[in-house]
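One-letter residues, chain by chain:
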Amino acid sequence: MALTLIGLSVGLLLFLVAAGLTLIFGLLGVINFAHGAFYMLGAYIGYQAVASTGSFWLALALTPLIVLPAGALLERVLLRPLYAKPHAQQLVMTFGLILVMEEAARMVWGLGYLRVSPPAALAGTTEIFGSYIGDYRIFACVVAAVVAAGLLLGLERTSLGATIRAAAANPKLAVVLLGVLPGPLMVACAHAIAQALGS
């Protein structure tokens, strides 16, 4: 049972990263190789927030709020000029961004192993069907499931979600039928949300 829950927690976290990547590619048609680097950035910012504030819970709330504008800035400055370009140019740009972000992370946080200890409330274990599972792992599963459900509801039940789905499925038809053009603000919002999902 322990391995099942560990696999489930890793799968849910990978789902969040993949959902963000799919959102970007579906809406923009941009292959963003640097999406995983934003996942890394979220981890380092979370570590730094815990180290600076001493609060795991505050870091948990602040990290997506910091990564979100970074994703919007990336879309505005680096990706928007490449929308009409061939995928090869997008790949080169985002691959180069990976190298820049990795090197910047090395310069700021070094090469050593960094760890954030779970707060006291999540430091214990819980017995589930005869196996002991870390409370932190259970918490990660619940948070990932809640974020995934929020993303699903947001895309299925809100007007912004309908607009994003329509623009991703067929941008030209969305303009004709809905009068919806995937404008810069909607694209930046979708991109920022996609980047923040991984953090």
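Structure report, in brief. (Residues numbered from 1 in each chain as written. Predicted model: local features only at pLDDT ≥ 70, side-chain atom pairs only at ≥ 80, totals over all residues. Heavy atoms only, no water.)

1. With respect to the nonpolar core
Okay, so step 1: Counting residues in each nonpolar core, the largest one holds 12 residues, listed as Val30, Ala34, Ala37, Phe38, Leu41, Ile45, Val67, Leu74, Leu79, Leu97, Ile98 and Met101.
Okay, so step 2: For this core, the elements supplying multiple residues, two or more each, are α2 (35-53), α3 (56-79) and α4 (87-109).
Okay, so step 3: The biggest single contributor to this core is α2, with four residues.
Okay, so step 4: Core analysis: the second largest hydrophobic core is formed by seven residues, Leu12, Leu16, Ile133 and Ala148 among them. (Core = buried A, V, L, I, M, F, W, Y, C linked by side-chain atoms within 4.5 Å. Buried < 20%, exposed > 50% of the residue type's maximum accessible area, 1.4 Å probe, protein only. Helix = DSSP H or I, 4+ residues; strand = E, 2+ residues; numbered from the N terminus.)

2. Quick notes on α3
Okay, so step 1: Between the first and last C-alpha of α3 there are 33 Å, a value that for 24 residues agrees with the 34 Å anticipated at 1.5 Å per step.
Okay, so step 2: Maximum bend of α3: about 25°, positioned at Leu62, with proline Pro64 one to four residues after it.
Okay, so step 3: For α3, the full list of buried residues reads Phe56, Ala59, Thr63, Val67, Gly71, Leu74, Glu75 and Leu79. (Expected span 1.5 Å × (residues − 1). Bend = angle between axes of the 7 residues up to and from the residue.)

3. Some details on α4
Okay, so step 1: Helix length check: α4 (23 residues) gives 32 Å between terminal C-alpha atoms against 33 Å at 1.5 Å per residue, within 8%.
Okay, so step 2: Every buried residue of α4 is accounted for by Gln90, Thr94, Leu97, Ile98, Met101, Ala105 and Trp109.
Okay, so step 3: Looking at the residues trailing α4, positive phi occurs at Gly110, about 80°.

4. Digging into unusual backbone geometry
Okay, so step 1: Of note in this structure, Phe129 is not a glycine but carries a positive phi near 50°.
Okay, so step 2: Assignment of secondary structure puts Phe129 in the loop between β1 (125-128) and β2 (131-134).
Okay, so step 3: Of the residues examined, Phe129 reaches a relative accessible area of 74% and is grouped as exposed.

5. Quick notes on the environment of Ala145
Okay, so step 1: Tracing the sequence through the fold places Ala145 in helix α5 (residues 135-157).
Okay, so step 2: The exposure class of Ala145 is partly exposed, given its relative accessible area of 36%.
Okay, so step 3: In this structure, the C-alpha to C-alpha distance between Ala145 and Leu16, residues 129 residues apart in sequence, is 9.1 Å.

6. Focus on the pairing of β1
Every regular strand shows the same layout, with side chains that alternate between the two sheet faces.
Okay, so step 1: Where β1 and β2 come together, four bridges link them in antiparallel fashion. Paired with Glu127 across the two strands is Tyr132, which belongs to β2.
Okay, so step 2: Where β1 folds back on β2, the antiparallel hairpin that results is connected by two residues, among which Phe129 adopts a positive phi of roughly 50°. (Pairing = 2+ DSSP bridges.)

7. Digging into the side chain of Asp135
Okay, so step 1: Among the secondary structure elements, Asp135 is positioned in helix α5.
Okay, so step 2: In this structure Asp135 is buried but unpaired, with Arg137 as the nearest side chain of opposite charge at 11 Å.
Okay, so step 3: With residues near it in sequence (within four places) discarded, Asp135 still touches Ala121, Leu122, Gly124, Thr125 and Thr126. (Lys, Arg positive; Asp, Glu negative; His and termini not counted. Salt bridge = Lys/Arg side-chain N within 4 Å of Asp/Glu carboxyl O. Contact = heavy atoms within 4.5 Å.)

8. Re the packing of aromatic side chains
Okay, so step 1: Within this structure, the stated rule accounts for five aromatic pairs.
Okay, so step 2: With centroids separated by 6.5 Å and ring planes inclined at 70°, the aromatic side chains of Phe33 and Phe95 adopt a geometry described as edge-to-face. Here Phe95 lies in helix α4 and Phe33 lies in the loop between α1 (2-28) and α2, a separation of 62 residues in the sequence.
Okay, so step 3: For Phe95, a relative accessible area of 43% corresponds to the partly exposed category.
Okay, so step 4: An angle of 85° between the planes, with centres 5.2 Å apart, marks the rings of Phe56 and Trp57 as edge-to-face.
Okay, so step 5: The class for Trp57 is partly exposed, based on a relative accessible area of 41%. (Phe/Tyr/Trp six-rings, centres within 6.5 Å; stacked < 30°, edge-to-face > 60°.)

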